[in-house]
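# Coordinate analysis (summary)
Read off the chains here:
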Amino acid sequence: MFRLVPSFVYRFRFISILLIAGTAVLLFSSLRWAPKHAAYRASAGDAAYILAVGRHHLKIDGKELAYQSSTGYLTIKDQKDQPLANIFYTAYNINSNITQRPITFVFNGGPGSAAIWLHMGAFGPVRADNKGYTTNPNSWLDFTDLVFIDPVGTGYSQAAEGVDARRFHGYRGDIHSIAQFIKTYLAANHREASPKFLTGESYGAVRAIGLTAYLQDSLQIKLAGLNLISPALNYRLVSFRKGNDKPFSYYLPTYALAAQYHRRLSPELQKQTPAQLIVKVAAFSNGTYAKFLKSGKSISADLVDTLSYFTGLNKALLKRTNGRITDSQFTKELLDNKVTGTFDSRAVGQTNSGDPSELAIRSVFTKAFQKYVDAELGYENHLPYLATTAMGDWNYGPEAADGYLDISATLKQVLLNNPDLRVKVSSGLYDLATPVATINYAINHLGLSQKAKQNISVDYYHEGHMIYPGNEANAGFKKAGEQFYHQILQKLSSIHYENKAEWPSG
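In the annotation of an unreviewed UniProt entry, the protein is listed under the name Peptidase S10 and assigned to Mucilaginibacter humi.

Let us look at the nonpolar core. What tends to happen in soluble globular proteins is that the nonpolar side chains get buried as a cluster. Grouped together as the largest cluster of nonpolar side chains are 97 residues, with contacts concentrated most on Phe105, Phe181 and Ile182. Filtering out sequence-adjacent residues up to four positions away, Ile182 remains in contact with Phe105, Ile149, Leu198, Leu211 and Leu215. Grouped together as the second largest cluster of nonpolar side chains are 55 residues, Tyr49, Leu118, Ala122 and Ile361 included.

Turning our eyes to something else, we now look at helix H8 (residues 301-311). All buried positions along H8 are accounted for by Leu303, Val304, Leu307, Ser308, Phe310 and Thr311. Along the axis of H8, the buried positions cluster into a sector of 170°, meaning they face one direction only. Opposite its buried face, H8 presents the exposed residues Ala301 and Asp302, each directed more than 90 degrees away. Structurally, H8 contributes buried residues whose contacts are with helix H5 (246-261), helix H6 (267-270), helix H7 (274-295), helix H9 (315-320) and helix H10 (327-333). Count one or two residues on from H8 and you reach Gly312, which has phi positive near 75°.

Attention now moves to the packing of aromatic side chains. Enumeration according to the criterion identifies 40 aromatic pairs in this entry. Measuring from centroid to centroid gives 5.5 Å for Phe284 and Phe310, while their planes differ by 45°, and the two rings are tilted. Of this pair, Phe284 sits in helix H7 while Phe310 sits in helix H8; the two residues are 26 residues apart in sequence, bridging distant segments of the chain. Exposure remark for Phe284: the relative accessible area of 10% places this residue in the buried category.

In this structure, the amide linkage connecting Gly110 to the following residue, Pro111, adopts the cis form with an omega of -5°. In this fold, Pro111 is placed in the loop between strand S5 (103-107) and helix H2 (116-123). A positive phi angle, close to 55°, is found at Asp61, a residue other than glycine. Its place among the elements puts Asp61 in the loop between strand S2 (52-60) and strand S3 (63-77). For Ser230, which is not glycine, the phi torsion reads 45° and is therefore positive. Structurally, Ser230 can be placed in the loop between strand S11 (225-229) and H5.

Per the counting criterion, the structure on display carries 14 salt bridges. The partner of Asp164 in a salt bridge is Arg166, and the shortest N-O contact between them spans 2.8 Å. Between Arg346 and Asp344 there is a salt bridge, and its shortest N-O distance comes to 2.8 Å. The pair formed by Arg346 and Asp344 is uniform in burial state, with each residue classed as buried. Each of Arg101, Asp145 and Arg191 takes part in a single network of salt bridges with overlapping partners.

Confidence in the prediction of the protein, expressed as mean pLDDT, is 88, and 90% of residues score 70 or more. The model gives residues 5-34 a pLDDT under 50, and that stretch makes 120 contacts with residues more than four places away or in other chains.

Along the chain, the position of Val423 falls in strand S16 (residues 422-428). Separated by 32 residues in the primary sequence, Val423 and Asn455 place their C-alpha atoms 6.1 Å from one another. Once residues lying within four places of it in the same chain are set aside, the contact partners of Val423 are Leu226, Leu228, Leu411, Leu415, Asn455, Ile456, Ser457 and Phe484.

Thresholds, definitions, all that
Residues numbered from 1 in each chain as written. Predicted model: local features only at pLDDT ≥ 70, side-chain atom pairs only at ≥ 80, totals over all residues. Heavy atoms only, no water. Core = buried A, V, L, I, M, F, W, Y, C linked by side-chain atoms within 4.5 Å. Buried < 20%, exposed > 50% of the residue type's maximum accessible area, 1.4 Å probe, protein only. Contact = heavy atoms within 4.5 Å. Helix = DSSP H or I, 4+ residues; strand = E, 2+ residues; numbered from the N terminus. Arc of directions from axis to C-beta. Phe/Tyr/Trp six-rings, centres within 6.5 Å; stacked < 30°, edge-to-face > 60°. Salt bridge = Lys/Arg side-chain N within 4 Å of Asp/Glu carboxyl O. pLDDT = per-residue confidence, 0-100.

Structural data, given as structure tokens:
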């Protein structure tokens, strides 16, 4: 089921994603290298290893919600009961019907990103803003308990003393550590019987899919649902590596939408709705343009004209590049003496100043989180909170065929192995990091039966890589998520539920 979710005003954008197999390049500019693990305990302070528990209230839809927060470290151990890592987390739960109430484990991507962005941007009880933070009336806490996880090397999370942190810096090592965290957390909090969900963003969606397979196949922990936000499913489709022509046709519809937003198209195309424009451009990109890319021929004048017509780009540039425009070229060339954003192509900034769609949140979230942890959660840790870290040694393993990570086969397998599993994908129309066409291609080519396809739903938002920046957009995202959970929980309880509140399709 594909749905178009209403859009709202641009406010800010954030995420870390798109690391090509074997080469982990963090896209955030506000990064720090972590200190050596031997110095962690002394630097963090003894209080950091004491779980901070607090009780709070939040008003959602006019109703007071009482909940408990738990903030601190959970230690995962090896088979000899020796510590492997101290993983930092923040959990929120309602102390009622814990065996029936769903629990959602949340993480961002990178690799190298803490969960702060989803925590303080959409799901948690507060939202970051320029003044610090404010109450989040669209928190998901009213229908699911939440556990925000910072993978080893991010946030305050750290390898145990004497353990080489590089064992966690890879697709499989990362998944195994998070799986161990989840298993330990469920047992310690008596949540084994609760309906379980995972939420991952960008590379975090890759983690969520691989984690689902490992939890179900190796640890016998069955999941009810996956939330995949702007997922990077097949890196071949989003890598402009030399010799790889795959991305160009799948980026073209998003180029056209960005050009339309900035009023760089002809009056005829400017009058079309984004949905109409997508259909028109996709017909060309999947047909004539795709055939040209495969041909290896030099571009014709007619094709130059058509590409310029759909993108608003200079014809000389299109001819010089033989009709192959990378995302970085597009963001620099669309506007005169300005650059557009990659995470949100609607954002505009000065040249040589970085991605304008993430500049506004470089320090806002980290400062807001630190203030929130001190003032509300009562947790003390003297280490710097690593919202993003550089992980250039990331090992993508055998899942990176021909140098490109592709999680599609794993997604197919987890759906076949668990026919009850439901997957919701959320993507932004103005995202130049993981454009919607790259996501749709990966999903449409899973090779699933018609019945199995019904377990995947896709929502499109008039947003960028982050699909919940403004308050109203966040409300729409929460509403769609609540419907998703409600349908799953109703099925789990064997009660028929008819969803009569469909969004308009598009």
